[in-house]
Structures are given as structure tokens and as C-alpha cells.
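Here's the letter readout for the chains.
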Amino acid sequence: MCKECYSEDARITPLLNARECLEQHEQYVCSTCGRCICIAKDQNRGLYRWNFPFKTLSIAKLYLRAAEVASNKCCTIYEVKNHKSNRISYKIFADQWIAEEYINKNTTKTIVPVYKNEAFQTFDKHQIRMLTKTEVTKYLEEKHSR
Ligand SMILES: [Zn+2]
Ligand SMILES: [Zn+2]
């Protein structure tokens, strides 16, 4: 596992619409393994990719580093249970009060913290940037040859 971005696979992300994400969104480029993690804020909703719910804990962990870097501290992954649909999802929150606010707004859901790193490692600011066309092509080639 990468000690910086917590992934086993250094080219696993973006999971969906990889080219579009790499070409159009700012990425956190892991200085250890080179993995790109989308760190762009959605213009319409004002949310980062890592603010959205994830299907599994392991997918949430792929975005945890982006959450930590954007928040400049350790963030917590919560298991979210929707008692109406009986569905489980995972969400990252930077602070407990934000998680509590979410639960106050979503009364059919309950949350349990399931994962948090012990320490936040600092990073080089230049790792948050747009990729060049050449970098996108190379990254996608590497991603597809795995
Ligand atoms: Zn993206
Ligand atoms: Zn990494």
C-alpha cells in the first residue's frame, strides 16, 4: 500500500470517465506512486469528489488522501446506513460537526466512524495541479496496461 495515498494500485483512479477527469479536473498527484486523485470542486454543487458517497470502504480510502490534503488534516470515513432503503455507503467528513450536521439533515440515516489515519503528512503544494496532455496520455496507457 502506498504510504502517501493509501492505494495498492498506483493507477486505479479515476474510476469513471478517466480521461475526462484527468483532462478537465485538478488532480492531487501522489509524490510517492504517481497516482492521480481528483481534487476538483464541482462548480454547481460546490462539492469535491470526496464529499460524495462511496459504495465501499476501499473506494472511500482511494479518495481519503484528497480529502486530507484539501482539509489540511486527517479526515474520517463514516459508514452511512440509510434506514429507509437499508443501503450502506461511505462518506468522508473532515470534522465531526460536519458529520453531525449531515445526520441532522438526513434523519433516515445513521453514521458510524470506521476509518481515520493517525497523522496527517504534509505535502508539496505543486502536487495539486492540472495534468499536461502528455501526462494524461501516459497515465491512461499505464492504467490500461495493468
Ligand atoms: Zn475529476
Ligand atoms: Zn501513492
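Residues numbered from 1 in each chain as written. Chains lettered and ligands numbered in written order. Predicted model: local features only at pLDDT ≥ 70, side-chain atom pairs only at ≥ 80, totals over all residues. Heavy atoms only, no water.

Here we look at the nonpolar core
Ranked by internal contacts, the top residues of the largest apolar core, which has 22 residues, are Tyr28, Tyr63 and Ile92. Elements with a contribution of two residues or more to this core: α2 (57–71) and β4 (87–93). For this core, the leading source of residues is α2, giving seven residues. Each residue touching Ile92, except ones within four places of it in the same chain, is listed here: Trp50, Phe54, Ala60, Tyr63, Leu64, Ala67, Cys75, Thr76 and Ile77. Formed by eight residues, the second largest nonpolar core is a distinct cluster that contains Ala18, Leu22, Val29 and Val136. (Core = buried A, V, L, I, M, F, W, Y, C linked by side-chain atoms within 4.5 Å. Buried < 20%, exposed > 50% of the residue type's maximum accessible area, 1.4 Å probe, protein only. Helix = DSSP H or I, 4+ residues; strand = E, 2+ residues; numbered from the N terminus. Contact = heavy atoms within 4.5 Å.)

Things to note about the coordination of the zinc ion (ligand 2)
Protein-derived ligands of the zinc ion (ligand 2) are Cys2 (SG), Cys5 (SG), Cys30 (SG) and Cys33 (SG), with the metal-ligand distances lying across 2.3 Å. Every donor counted, the four donor atoms about the zinc ion (ligand 2) form angles of 102 to 117° at the centre, which fits tetrahedral coordination. Considered as a linear motif, the donors of the zinc ion (ligand 2) on their single chain read C-x2-C-x24-C-x2-C. Residue Cys5 is found in the segment before α1 (18–24), and its partner Cys33 is found in the loop between β1 (27–29) and β2 (36–38); the two are separated by 28 residues along the sequence. (Donors = N, O, S within 2.8 Å, 3.2 Å for Na, K, Ca; no water. Tetrahedral: all angles 85-135°; square planar, octahedral: opposite > 155°, others 65-115°.)

A few points about the sheet that holds β2
To summarise the sheet geometry, strands pair through backbone hydrogen bonds and adopt either a parallel or an antiparallel arrangement. Taken together, three strands build an open sheet; the order of strands is β2-β1-β6 and the sheet is antiparallel. Since the sheet does not close on itself, it has two edges, and those belong to β2 and β6 (128–129), each with one partner. Where β1 meets β6, two bridges bridge the pair, whose relative direction is antiparallel. Across the sheet, Tyr28 pairs through a bridge with Ile128, a residue of β6. Along the sheet, α2 contacts β1, β2 and β6; its crossing angle with β2, the most-contacted strand, is approximately 70°. (Pairing = 2+ DSSP bridges. Axes fitted to C-alpha atoms, helices over the stretch in contact; angles between N-to-C directions.)

Considering the coordination of the zinc ion (ligand 1)
The zinc ion (ligand 1) binds to the protein through Cys21 (SG), His25 (ND1) and Cys38 (SG), with metal-donor distances spanning 2.0 to 2.2 Å. For the zinc ion (ligand 1), the donor residues sit on a single chain with the sequence spacing C-x3-H-x12-C. In this pair, Cys21 is assigned in helix α1 and Cys38 in strand β2, connecting sequence segments 17 residues apart. Judged by relative accessible area, which is 8%, Cys21 ranks as buried.

So, the pattern of salt bridges
Tallied over the full model, the rule gives eight salt bridges. When the shortest N-O distance is used, the salt bridge between Glu68 and Arg65 registers 3.7 Å. Within this pair, Glu68 and its partner Arg65 are both found in helix α2, separated by three residues, close to a single helical turn. Accessibility assignment for this pair places Glu68 and Arg65 in one class, buried. Note that Glu135 and Arg129 form a salt bridge whose closest N and O atoms lie 3.0 Å from each other. Overall, the relative accessible area of 28% leaves Glu135 in the partly exposed class. A relative accessible area of 28% means that Arg129 is categorised as partly exposed. Three or more residues are tied together by salt bridges with common partners; here these are Arg11, Lys138 and Glu142. (Salt bridge = Lys/Arg side-chain N within 4 Å of Asp/Glu carboxyl O.)

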